[in-house]
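Understanding the architecture of this molecule
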Amino acid sequence: MRAVQVIRAAPDPADALRVVELPTPRPGPGQVLIEVEASAVCRTDLQIAQGDLPPHRQPVVPGHQVVGRVAAVGPDTDDSLLGSRVGLVWLAGTCGACRFCRDGRENLCRSAVFTGYDVDGGWATHVTARSGFVHRLPADGDAQALAPLLCGGVIGYRSLRRAGIGPESAGQRLGLYGFGASASLAIQVARHWAVRCLVVTRSQEEADRARLLGAEWAGTYEEELPERLDAAITFAPAGWVVTRALRDLDRGGTVAINAIHLDHIPAIDYADLWWERSIRSVANVTRADVAEFLGLVGPAGITTASEALPLDRAAHALQRLLAGDVTGAFVLVP
Ligand SMILES: [Zn+2]
Ligand SMILES: [Zn+2]
């Protein structure tokens, strides 16, 4: 099979990646072999290539937003998956036994492993995965359109839920701070639930895009919101944005932080937290989040712009992501 590997962390993605021919893996017990149709590029892949995330394994095949078909199943594996269209996400496995796994918070499992980081991911013609961690997808959907939803969309969905937003939240006021890939998917879910969305972002172009996706108000960080918020999600990886969002909350409101890495959060005035406001982080996703989000993709008409590139252009995709030269998600097609 053909694959792209991160062989070493390097500032220039072209030095970090190489395209290789490897033996096609055989699925082990409990595993499936997936023939990849499309695999999207996420900022986390760039962080793995550049070493911002400490390497767990090298070389490793990145890619944790994978759409493909089950081509083979391993020994002692449910063969009803054979031939099915499936997706892979960041969560590749958990212990299944710890208190977090047992009470529905497998995203907090200390033994969790991640696709394209601890185990080989989807920037390849083939990938193996644990059968319990593949997600069934519609057989007829467009693989290139589906793949970029599998990270930003799912984490955006979990962020909404952690901010206290759900189908029962019609009419509530939600603030989104930063408007990249994940926010532009989260807003579509929120609008489907008839939540009122206010977007604060760094450029007029992003504010315009937010209005097109249903924001009733969108402006830059220099502007004040027209009213207070019931909930907020910060997508920008900057600590001061969290304190800004906190100041914009109404009594009882929640700020959910959607960021793996965040610089220092500045000191807050207790008056801004008083009246039962809260700040929460969002860490990874559960399989239930993936299933719930995928169930909304059709009914809510969730879409995102994408640009297809062949597998051997992976370094080029990361270089453009680094340079901010992105109009939609990059999707690698083997
Ligand atoms: Zn991702
Ligand atoms: Zn566990």
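Refer to the structure printed above.
Parameters and conventions
Residues numbered from 1 in each chain as written. Chains lettered and ligands numbered in written order. Predicted model: local features only at pLDDT ≥ 70, side-chain atom pairs only at ≥ 80, totals over all residues. Heavy atoms only, no water. Helix = DSSP H or I, 4+ residues; strand = E, 2+ residues; numbered from the N terminus. Buried < 20%, exposed > 50% of the residue type's maximum accessible area, 1.4 Å probe, protein only. Contact = heavy atoms within 4.5 Å. Donors = N, O, S within 2.8 Å, 3.2 Å for Na, K, Ca; no water.

**Points about the environment of alanine 9**
Along the chain, alanine 9 falls in the loop between strand E1 (2–6) and helix H1 (13–16). A relative accessible area of 37% means that alanine 9 is categorised as partly exposed. Sequence spacing of alanine 9 and glutamine 58 is 49 residues, and the spatial spacing of their C-alpha atoms is 9.2 Å. When sequence neighbours within four positions are dropped, the list of residues in contact with alanine 9 reads Ala49, Gln50, Gly51 and Gln58.

**Observations regarding the coordination of the zinc ion (ligand 1)**
Distances from the zinc ion (ligand 1) to its protein donors, Cys42 (SG), His64 (NE2) and Cys151 (SG), fall at 2.0 to 2.2 Å. We note that the donor set of the zinc ion (ligand 1) lies within a single chain, spaced as C-x21-H-x86-C. Remark: cysteine 151 occurs in the loop between helix H4 (143–146) and helix H5 (152–162) and histidine 64 occurs in the loop between helix H2 (43–50) and strand E4 (66–73); sequence separation between them is 87 residues. For histidine 64, a relative accessible area of 1% translates into the label buried.

**Focus on unusual backbone geometry**
Residues glutamine 58 and proline 59 are joined by a peptide bond in cis, for which omega reads -5 degrees. As for its placement among the helices and strands, proline 59 is situated in the loop between H2 and E4. Look at aspartate 76: it is not a glycine, yet its phi comes out positive at around 55 degrees. In this fold, aspartate 76 is placed in the loop between E4 and strand E5 (85–88). Located in the positive-phi region is alanine 194, a residue other than glycine, with phi close to 60 degrees. Along the chain, alanine 194 turns up in the loop between helix H6 (181–192) and strand E11 (196–201). Its relative accessible area of 38% is what places alanine 194 among the partly exposed residues.

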